Amino acid sequence: MLQGLSGNLRGGALMALAAVLFAAEALAIRFMNQRGIPVEVQVFARSIGQLLWVAPLVAASGLAVFRTRRPGLHVLRGCSSLLTWGLYYASFGPLDLATATVLSFTNVMFTTLLAGPVLGEKVDRWRWAGTVAGFIGVAVMLRPGTTVSMLGVALALGSAATWCGITLSSRVLAQTEGNTTIMAWVGLVTTAGVAPFAVAARVPLGLFDAAFLTGFALFTPGIIWLLTSAYRYGEASAIAPFQYLRLVVVAAFGWAIFAEVPDGWTWAGAAVILSGALVITVAEARKRQSR
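So, here's what we can say about the structure. (Residues numbered from 1 in each chain as written. Predicted model: local features only at pLDDT ≥ 70, side-chain atom pairs only at ≥ 80, totals over all residues. Heavy atoms only, no water.)

## Looking at a nonpolar patch on the surface
There is a patch of nonpolar side chains on the surface, built from Leu52, Trp53, Leu218 and Trp225 and spanning about 410 Å² of accessible area. When you line up the elements, Trp53 lands in helix H2 (residues 39-61). For Trp53, a relative accessible area of 34% puts it in the partly exposed group. (Patch = residues over 30% accessible without salt bridge, like charges linked within 9 Å, V, L, I, M, F, W, Y side chains within 5 Å. Areas by Shrake-Rupley, 256 points an atom, 1.4 Å probe, with all protein chains shown as cover. Salt bridge = Lys/Arg side-chain N within 4 Å of Asp/Glu carboxyl O. Helix = DSSP H or I, 4+ residues; strand = E, 2+ residues; numbered from the N terminus. Buried < 20%, exposed > 50% of the residue type's maximum accessible area, 1.4 Å probe, protein only.)

Given below as structure tokens:
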């Protein structure tokens, strides 16, 4: 269906679909939280799903898919994913869907702060402006007298901060490692890391909950596949903004299903955060294309 489209249109369509799956993930997390499925079990399912996605490739090539000269960096990448998933999933407990989603976009601000000292990248004025704007937006959302859960905010911002480990380590690994190797290591490290916590937190699951959890495990790794494919076909500066469509989907379903309506100040802060994230995303994409 996408074959007849230009590169940017195809990439934009894939990015938009990834945004919809991101939103579906958030809705699934909220639903599982209400069903009493522990976050640890949710993350374990997500990790197992990651391994299942690369299982055919592992079966074809054997353990060679795990061959690497950078095992330590792969472990760091996996641990970053584990922390990010755990904190992100937990943030949907005390926060409404829209607020948790908006705060997750601050990951680009944290990445900008660390890109210079960690990777030695030169951060231009546009990325700095977007970063400052993003944190101003957070301050607006957390104004005195707000009813937003501070625990939820801490979890969401913690997830955004650990997301930097994913972004920065992936940039380094992508120079020498294939996507299959990276995904296989992520699945291995996250599954091994969360398994003890999932066992300790496990609760009896009915047939419906078990089936729902299985479906969740199988579709969530597809988000990364869609993102990777989108950037393969389209120019980053043209397609990156499509990822922010997930806020529209999440907010709409949050209102329709869970009757969640953030107040005006929350939306004002969200607008500032999204503007800053968009400026950083486009500026970074154009910088990469100019190299």
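Back to the text.
## Let's talk about the environment of Val43
By the secondary structure assignment, Val43 is in helix H2. Each C-alpha atom, one on Val43 and one on Ser149, is 22 Å from the other, the two residues being 106 residues apart in sequence. Aside from chain neighbours lying at most four places away, what touches Val43 is Leu82, Trp85, Gly86, Tyr89 and Val194. (Contact = heavy atoms within 4.5 Å.)

## Side note on unusual backbone geometry
You will see that Ala259, though not glycine, has its phi angle at about 55 degrees, which is positive. Mapped onto the fold, Ala259 is located in the loop between helix H12 (245-258) and helix H13 (264-289).

## Quick look at the packing of helix H3 (residues 71-91) against helix H7 (residues 150-173)
In contact at an axis separation of 8 Å, H3 and H7 are set at 155 degrees when each is read in the N-to-C sense. Comparing their axes, H7 and H3 come out roughly antiparallel. The crossing of H3 and H7 is left-handed. Its residues assigned to classes, the contact of H3 with H7 shows eleven nonpolar, twelve polar and one charged. (Axes fitted to C-alpha atoms, helices over the stretch in contact; angles between N-to-C directions. Parallel < 35°, antiparallel > 145°, perpendicular 65-115°, else oblique. Left-handed = near helix turned anticlockwise from the far one by under 90°. Nonpolar A, V, L, I, M, F, W, Y, C, P; charged D, E, K, R; others polar.)

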